[in-house]
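Structure assessment
Here are the chains, one letter per residue:
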Amino acid sequence: MKVYIAGKIGTDSERGLLEKIDKLCKKLGLKTFLPHRDVGIAKNMEDVEKIFEKDIIEGLNKCDFVVAVLDGLHVGAGTAWELGYAYAKKIPAIGIKTDEKIEDALEYLSSILIGSMPIVSTFEELEEKIREILI
């Protein structure tokens, strides 16, 4: 099984959180797709087509499920798009929000996003949810 790990990639700490999820998934025997590692980061408009092609067509479309980081005041635009695309394609997703309770984030996280997938708040809970998918 292969998991697509979605989330903001603009800072070292954001990428570090995604890499921590990558390590957990590999520990569970999963293959992973980590956009900033496997495709790169767009530095200018010339990178856009390549990033889209490799990230979505070759990455997301070939994964069995998605783990998405929902930390911060707003979900990244790419992450939100990827989650909507996954939902439309019936690719299961798990959200993880470690910085506050989901109930406290309802105003800006979106009831649609919250209603579309299970959301956990710890890595232990994330591991449990992933194990449920693997059964």
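Structure: see above.
A few points on the structure. (Residues numbered from 1 in each chain as written. Predicted model: local features only at pLDDT ≥ 70, side-chain atom pairs only at ≥ 80, totals over all residues. Heavy atoms only, no water.)

Before going further, it helps to examine a nonpolar patch on the surface. Taken together, Phe52, Ile57 and Trp81 make up a surface patch of nonpolar side chains, about 290 Å² in accessible area. Checked against the element boundaries, phenylalanine 52 lands in helix α3 (residues 48–59). Residue classification places phenylalanine 52 among the partly exposed positions, given a relative accessible area of 42%. (Patch = residues over 30% accessible without salt bridge, like charges linked within 9 Å, V, L, I, M, F, W, Y side chains within 5 Å. Areas by Shrake-Rupley, 256 points an atom, 1.4 Å probe, with all protein chains shown as cover. Salt bridge = Lys/Arg side-chain N within 4 Å of Asp/Glu carboxyl O. Helix = DSSP H or I, 4+ residues; strand = E, 2+ residues; numbered from the N terminus. Buried < 20%, exposed > 50% of the residue type's maximum accessible area, 1.4 Å probe, protein only.)

Our next topic: the sheet that holds strand β3 (residues 65–69). Reading across the sheet, the five strands line up as β2-β1-β3-β4-β5 and stay open at both edges, with parallel pairing between neighbours. The strands lining the two open edges of the sheet, one partner per strand, are β2 (31–33) and β5 (119–120). Bridge analysis of strand β1 (residues 2–6) against β2 gives three bridges, and the strand direction is parallel. Residue pairing in the sheet places valine 3 in a bridge with threonine 32 of β2. Against the sheet, helix α4 (residues 77–88) makes contact with β1, β3 and β4 (93–96), and its axis sits at roughly 155° relative to β3, the strand it touches most. (Pairing = 2+ DSSP bridges. Contact = heavy atoms within 4.5 Å. Axes fitted to C-alpha atoms, helices over the stretch in contact; angles between N-to-C directions.)

Remember that the coordinates give geometry; whether it matters functionally is a separate question.
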